[in-house]
Amino acid sequence: MMTDKYSAAEDVLPVARTLLQATGWDGVTRALMLAGKQLPVLAESKRQPENLVPGCDSEVWIDSKCCEGKQLYCAYSPSKIIRGVLSVLLEKANTMSEEEVATFKFDDYLTRLGLQQHLSQSRAYGIRKVIARLHALAAVQC
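Analysis parameters
Residues numbered from 1 in each chain as written. Predicted model: local features only at pLDDT ≥ 70, side-chain atom pairs only at ≥ 80, totals over all residues. Heavy atoms only, no water. Helix = DSSP H or I, 4+ residues; strand = E, 2+ residues; numbered from the N terminus. Buried < 20%, exposed > 50% of the residue type's maximum accessible area, 1.4 Å probe, protein only. Contact = heavy atoms within 4.5 Å. Salt bridge = Lys/Arg side-chain N within 4 Å of Asp/Glu carboxyl O. Core = buried A, V, L, I, M, F, W, Y, C linked by side-chain atoms within 4.5 Å. Arc of directions from axis to C-beta.

Draft legend 1. Local environment of the side chain of Ser87. Looking at the secondary structure, you find Ser87 in helix 4 (residues 80–93). On the basis of relative accessibility, which here comes to 2%, the residue Ser87 falls in the buried class. Apart from residues no more than four positions distant in its own chain, Ser87 is found in contact with Val15, Ala35, Gly36, Gln38 and Leu39.

What follows is the structure, encoded as structure tokens:
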């Protein structure tokens, strides 16, 4: 089943794997809501205007911190679906170097996972803004 959406040779992380295994909108929605529970949560004290991603229908805050010389990303959104998408994005970003995050094509990644087809136009637009924020944060290296 995974070979239909994603090359079997590519490394698929656990949260992303649950999306690949989900079938239909209900299955993907359920997988996203469960994925959102695994999101590295951005502390309330960091949910400040400077961390708010503009252009999203649901509020989204993203920040990063240096940990042992590596950038780690955290986020929060009150939307369960968006938290799930954030979880998938951050799962990938938190395994990469800043240079890789800065140039990684997260849109293509979500498409290969089969997720883009399940996002409304407004959610997809907001996720593009989230990806732009990830790229910008990665440009500020530890």
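Structure's up, so let's keep going.
Draft legend 2. Examining the pattern of salt bridges more closely. Under the counting rule described, the total for this entry stands at one salt bridge. In this structure, Lys46 and Asp63 form a salt bridge, with 3.7 Å as the shortest nitrogen-oxygen distance. With a gap of 17 residues between them, Lys46 in the loop between helix 3 (24–36) and strand 1 (61–67) and Asp63 in strand 1 connect regions that are remote in the sequence. Its relative accessible area of 14% is what places Asp63 among the buried residues.

Draft legend 3. Broad picture of the environment of Phe106. With respect to the secondary-structure elements, Phe106 resides in helix 6 (residues 106–112). In this structure Phe106 comes out as buried when scored by relative accessible area, which is 1%. Between the C-alpha atoms of Phe106 and Val130, which are 24 residues apart in sequence, the distance is 9.9 Å.

Draft legend 4. Geometry of the nonpolar core. In terms of nonpolar packing, the biggest core is built from 40 residues, with Ile62, Leu89 and Phe106 touching the most fellow members. For this core, the elements supplying multiple residues, two or more each, are helix 2 (14–21), helix 3, strand 2 (70–76), helix 4, helix 6 and helix 7 (121–139). Those residues in contact with Phe106 that lie beyond four places of it in its chain are Leu89, Lys92, Ala93, Met96, Val101, Ile131, Leu134 and His135.

Draft legend 5. Focus on helix 2. Within helix 2, burial applies to Val15, Ala16, Leu19 and Leu20. Angularly, the buried residues of helix 2 cover 145 degrees about the axis, an arc narrow enough to put them on a single face.

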